[in-house]
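Read off the chains here:
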Amino acid sequence: MPRSPLFCAALVALGLGAVPEARADLQQVGSWFVVDERQPDGSFSHCLLLNVYYRDTERVLLGLSLDPSRHALLSLSDPALTRARPKGERGSVAFNEGSPLTLRATGSGSLLRLDLPPWPDIGPRLRQAQTLRITARGSSAFFRLHDMPQALAALESCAATGKPPLSSQTPLGPR
């Protein structure tokens, strides 16, 4: 089954779907989508968790990628970021309204990428997180993280094997 137009738009917005030759498999885990991203030659690159949120009529996309070496990156595509004034190359994340972690941020327009701390440090914090607040460019976004433990288990499995794990849900992409 082909990818949905919304998902394809999400990948392009996050800068991860720009290579049409690269094949990716997609699996739904709770409210999240897990996809393996590949290089143009077909070799495995990284896995991505993606969730779509809404603020009024605006679509906000939250992504978390993990590569085989366990480098993690948080991605946000949010129309509010295009209206915000950039404030340097820093952003922050706070889990469960705790103390924020200051992180290196990159991006342009409505796209923001935040380099996360090493996976052994950030993975357990994400697994326990029920909420996430991202602050960057003078703007802030708040997310409820439903199904995070299951989604992170799928992301870790995907990063280790190069394929999203099979689930009891119907696959949404090519197999």
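All values reported here derive from a predicted model rather than from experimental measurement.

The next thing to look at is the overall build of the protein. A count of helical and extended segments in the protein gives four helices and ten strands. Along the protein, helices and strands appear, N-terminal first, in the series α-β-β-β-β-β-α-β-β-β-α-β-β-α. Residues counted as buried form 45% of the 175 residues belonging to the protein. Long-range pairs, those at least 24 residues apart, make up 55% of the contacts in the protein between residues at least 6 apart in sequence. Total accessible area on the protein stands at roughly 8600 Å², and carbon and sulfur atoms take up 55% of it.

Enumeration according to the criterion identifies one aromatic pair in this entry. When the ring of Y53 is compared with that of F143, the centres are 4.8 Å apart and the planes differ by 70°; the resulting orientation is edge-to-face. Of this pair, Y53 sits in strand β3 (residues 44-55) while F143 sits in strand β10 (residues 139-144), and the two are 90 residues apart along the sequence.

As a further point, take the environment of L74. Residue position: L74 is located in strand β5 (residues 72-77). When the C-alpha positions of L74 and A105 are compared, they lie 9.5 Å apart, and in sequence the two are 31 residues distant. Among residues more than four places away in sequence, those in contact with L74 are L62, G63, L64, V93, L112, R113, L114, L116, L132 and I134.

A word on the nonpolar core. Counting residues in each nonpolar core, the largest one holds 38 residues, and the members touching the most others are I134 and F143. Ranked by residue count, the leading element in this core is helix α4 (residues 148-161), at seven residues. Not counting chain neighbours up to four residues away, the residues in contact with I134 comprise L62, L74, L76, S92, V93, L112, L114, S139, S140, A141 and F143.

Quick notes on the rules
Residues numbered from 1 in each chain as written. Predicted model: local features only at pLDDT ≥ 70, side-chain atom pairs only at ≥ 80, totals over all residues. Heavy atoms only, no water. Helix = DSSP H or I, 4+ residues; strand = E, 2+ residues; numbered from the N terminus. Buried < 20%, exposed > 50% of the residue type's maximum accessible area, 1.4 Å probe, protein only. Contact = heavy atoms within 4.5 Å. Areas by Shrake-Rupley, 256 points an atom, 1.4 Å probe, with all protein chains shown as cover. Phe/Tyr/Trp six-rings, centres within 6.5 Å; stacked < 30°, edge-to-face > 60°. Core = buried A, V, L, I, M, F, W, Y, C linked by side-chain atoms within 4.5 Å.

None of this, on its own, says anything about what the molecule does.
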